[in-house]
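# What the coordinates show
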Amino acid sequence: MYGLLFSLDDLLRAGILQSDTIVVVDRESSKLAEEDYMADANQVVAVQTMFRLFPSTTIITELTHAANMRFMQFRAKDFYALHMAEKQKIEKEKGSNIAYMFRLPFAAGNVFSASMLDTMLYQSFVKDYTISIVRLLLGLDQGNNSGYLAELPITAEDMWIRTYGRLYQKLCSTSHEIPIGIYRTVGQNDNKSECSLPMEDDDSLQGFTAERKELANMVRIKMKKFDLPEEEYDSEASDKRNKISYVMINPSFDMKLEVDDIIYLIKPAGGPKTPSPMPPRRKFSSRRKTTHQRFRAEPQGSNVDTKL
């Protein structure tokens, strides 16, 4: 179907209420803008509209310029985002080319820039196997002893494993899956976070609540127009905005796992498409005990060559 991303009628007809993730790609026509940095104007306006009307929906956006990430999912008086923006300025003054990694939408994987692919293009020229590795991770190609990228959610029943290092050892020894990173979501007011700052002051929260109700009423009126059930629209899904998500690549051995962590792992090709469930704690503990006893029962000096 054809429509506009910043049109509420078109979004409802497209089924945004039933979607979990929306991908907004950069159109070729946006690159013909008169001003260079105005090329992302359409994406910024469309994503900001969806961000305010449907806060529970995950949006992934492609931008032409990485500098325009500061306009993504913008909220006035968001003290935590302002604090992280100050870190980005400090990194820019130091001459860093990856200062954008401090932007919250980028850390959560909700935005990326096409210019970042230039690095991969250069790497593919120097290292001719780069494209092959990417295709293997995406599952487009398969080869002998290869794998593809998968994910494994951590539940409360899996917390007995405790640390990332123990999880790495267990997966490698049981299902031959190799963890490579963690996707974690925490609250911004969590005491364990690096910067425990309030999202907004009391006046801003009151204004946000009034605006939220007004937008929710507008969406429900449009839903009646298309005979859509009102229960499909979650107007109280504002808690997701008070959380931040980020990726940790190759965490330390003693990194503690948390509930709702998502483990990125390389799964061997040829197996089931879903990650293997974790074996029970009792089974894993008994296996370690059996292995330990087997090595303990081995007589000393059995590896010594007694031939003269």
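What follows concerns the sheet that holds strand β4 (residues 147-153). Strand order across the open sheet formed by four strands is β4-β7-β5-β6, with antiparallel pairing between neighbours. Strands at the two margins of the open sheet, each flanked by one partner only, are β4 and β6 (243-249). Neighbour-to-neighbour, the strand axes of this sheet turn through a mean angle of 25°, independent of strand direction. As judged from the seven bridges shared by β4 and strand β7 (residues 262-268), these two strands associate in the antiparallel manner. Paired with G147 across the two strands is P268, which belongs to β7. In the packing of helix α6 (residues 130-138) onto the sheet, the strands contacted are β4 and β7, and the crossing angle to β4 comes to about 45°.

With that settled, the discussion passes to the packing of helix α5 (residues 117-126) against α6. The interhelical angle for the contact between α5 and α6, taken along N-to-C directions, is 120°, at an axis separation of 8 Å. With respect to α6, the axis of α5 lies oblique. For the pair α5 and α6, contact is made by M120, Q123 and S124 and by T130, I131 and V134, respectively. Classifying every residue of the contact of α5 with α6 gives three nonpolar, three polar and no charged.

Now for the packing of aromatic side chains. On inspection of all chains with the given rule, the structure shows three aromatic pairs. For the pair F54 and Y233, a centre-to-centre distance of 5.9 Å together with 90° between the ring planes defines the contact as edge-to-face. With F54 in the loop between α2 (41-53) and β2 (58-63) and Y233 in the loop between α8 (202-225) and β6, this residue pair connects regions lying 179 residues apart in the sequence. In this structure F54 comes out as buried when scored by relative accessible area, which is 3%. Arranged with centres 6.4 Å apart and planes meeting at 55°, the rings of Y164 and Y168 form a pair that is tilted.

So, how was this worked out
Residues numbered from 1 in each chain as written. Predicted model: local features only at pLDDT ≥ 70, side-chain atom pairs only at ≥ 80, totals over all residues. Heavy atoms only, no water. Pairing = 2+ DSSP bridges. Helix = DSSP H or I, 4+ residues; strand = E, 2+ residues; numbered from the N terminus. Axes fitted to C-alpha atoms, helices over the stretch in contact; angles between N-to-C directions. Contact = heavy atoms within 4.5 Å. Parallel < 35°, antiparallel > 145°, perpendicular 65-115°, else oblique. Nonpolar A, V, L, I, M, F, W, Y, C, P; charged D, E, K, R; others polar. Phe/Tyr/Trp six-rings, centres within 6.5 Å; stacked < 30°, edge-to-face > 60°. Buried < 20%, exposed > 50% of the residue type's maximum accessible area, 1.4 Å probe, protein only.

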